[in-house]
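Results of the structural survey
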Amino acid sequence: MTTELFSYSPITERPTINWPDGKRVAFYLGLNVEHFLPDRPSTSIWPSTLVPDALNHGWRDYGARVGIWRITEILDRHGIRASVLLNSMVAEHNPQIIEAGLERDWPWLARGSTNSILHTGLDRAEEQQVLSNIIDTIESSTGKKPQGWMGPGLSETHHTAELLAELGLGYVLDWTNDDQPYPLTVPGMFSLPYTVELNDLILFPRGLTGPDFLQMVKDQHEVLSKDSQTSGRVMALALHPFVIGQPFRAKYLDLALEYLAAQPDVWLTTSDEIYQHYRQSPTPGTLKAAHNISTQRSAGWTK
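Residues numbered from 1 in each chain as written. Predicted model: local features only at pLDDT ≥ 70, side-chain atom pairs only at ≥ 80, totals over all residues. Heavy atoms only, no water.

Nonpolar side chains collect at one region of the surface, where Ile45, Trp46 and Leu55 lie side by side and expose about 340 Å² of accessible area between them. Residue position: Trp46 is located in the loop between strand E1 (25-33) and helix H1 (54-78). We classify Trp46 as exposed; its relative accessible area is 59%. (Patch = residues over 30% accessible without salt bridge, like charges linked within 9 Å, V, L, I, M, F, W, Y side chains within 5 Å. Areas by Shrake-Rupley, 256 points an atom, 1.4 Å probe, with all protein chains shown as cover. Salt bridge = Lys/Arg side-chain N within 4 Å of Asp/Glu carboxyl O. Helix = DSSP H or I, 4+ residues; strand = E, 2+ residues; numbered from the N terminus. Buried < 20%, exposed > 50% of the residue type's maximum accessible area, 1.4 Å probe, protein only.)

Written out as C-alpha cells, the structure is:
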C-alpha cells in the first residue's frame with residue numbers, strides 16, 4: 001500500500017526510544033466503549049435483517065449493561081487505567097460509564113459517534129463538521145478534550161489526520177503497522193500502535209479460548225521484551241466489553257493483567273501518556289527529517 005500519510009521506516013534503523021524509569025515495554029489497554037444503533041448491522045454475531053434485531057443488538061448491549069462493570073473491577077484490582085476509545089453517543093445513552101471513567105481518570109479518545117456508522121464517504125467540509133461535533137461532545141461530557149482518535153472500524157478519509165490536527169488532536173490508532181509510535185507527514189500528528197491481532201473481537205470468534213488468550217498475552221510480552229533490549233516497544237491490548245466482559249472470558253483477562261502488572265520491565269500506562277512521552281522526546285524530531293523528504297516530494301498532500 002502506498003500512502004502519503006507516512007513513509008517506510010524500518011524499525012531496525014530508528015533512534016532508540018527510552019520509556020520512563022528504565023521500563024522497556026509500554027503497555028496500554030484500549031477499551032472500546034461503543035454505542036450501537038438498534039436494527040443497523042454492525043459487529044454482528046450473525047447476519048440478520050430482523051427488525052427488531054434482538055440477536056445482535058442484545059449481544060452488543062451486554063457490554064454497556066454488564067461487561068464494562070466487570071472489566072472495571074478487574075482494572076481497579078491491578079491498578080490499570082483504560083485508554084477509552086469512546087463513541088460520542090455514549091455520553092448521552094450511558095452517562096454512568098462516563099462518570100465511572102472520570103472517577104478513575106481514564107483518558108478519552110474520540111471513536112466516532114457510533115460504531116454503527118463508519119467514518120468514510122465524507123467530503124472535507126462535512127468531515128470537519130462531523131469531527132468537530134464528536135470532539136465537542138466528548139469534551140463537554142468528560143471535561144477533557146481528547147488527544148487521540150480511532151475511527152469506527154479503524155476508518156478514516158484522506159483528510160482525517162489533517163483535520164484532527166487542526167482541531168487540536170495529536171495522534172491516531174487506525175494504522176496498526178508498527179510496535180513503536182512514529183510521526184505522520186501531517187505536521188504535529190503521530191501514529192501509535194494499536195492491534196487487530198491481540199484483539200478480543202478478532203480472536204474469540206475464531207474459536208480461541210480463555211487459556212489461549214492468556215498465553216497469547218504472555219507470548220506477546222515475552223517477544224516484545226526481547227525486542228526492546230535495543231529500543232522501547234509498545235504493547236496494546238484491544239478489548240470490547242461485550243466480548244471480554246463475558247464471565248468465562250473475564251476470568252482470563254484478570255489473569256493476563258495480573259501477569260503484566262508483575263513484570264518489572266512493563267510500564268503500565270495509557271495511550272495518551274505514550275503519546276506525550278514520545279512527542280516530547282528527541283526521537284520524533286529525528287524521524288521527522290526523514291519523513292519530510294517524502295512530504296516535500298508530494299508537496300500538496302493536504303489537497
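Attention now goes to the pairing of E1. Looking along a regular strand, one sees side chains alternate from face to face of the sheet. The element E1 is extensively covered by neighbouring structure, given that 9 of its 9 residues are classed as buried. With 7 bridges joining them, E1 and strand E8 (residues 233-239) adopt parallel strand pairing. Counted as the bridge partner of Leu31 is Leu239 from E8. Where E1 and strand E9 (residues 266-268) come together, 3 bridges link them in parallel fashion. Of the residues in E9, the one forming a bridge with Phe27 is Leu268. (Pairing = 2+ DSSP bridges.)

For Val25, the position within the fold is in strand E1. Residue Val25 is classed as buried on the basis of its relative accessible area, which comes to 0%. If we ignore the near neighbours within four places in the chain, the residues touching Val25 are Trp19, His221, Leu224, Ser225, Ser228, Arg233, Met235, Asp265, Val266 and Trp267. (Contact = heavy atoms within 4.5 Å.)

As a further point, take the packing of H1 against helix H9 (residues 247-261). In contact at an axis separation of 10 Å, H1 and H9 are set at 25 degrees when each is read in the N-to-C sense. Relative to H9, the element H1 lies roughly parallel. As H1 runs across H9, the sense of the crossing is right-handed. In this structure, H1 contributes Tyr62, Arg70, Ile71, Ile74, Leu75, Arg77 and His78 to the contact, and H9 contributes Pro247, Ala250, Leu253, Asp254, Leu257, Glu258 and Ala261. (Axes fitted to C-alpha atoms, helices over the stretch in contact; angles between N-to-C directions. Parallel < 35°, antiparallel > 145°, perpendicular 65-115°, else oblique. Left-handed = near helix turned anticlockwise from the far one by under 90°.)

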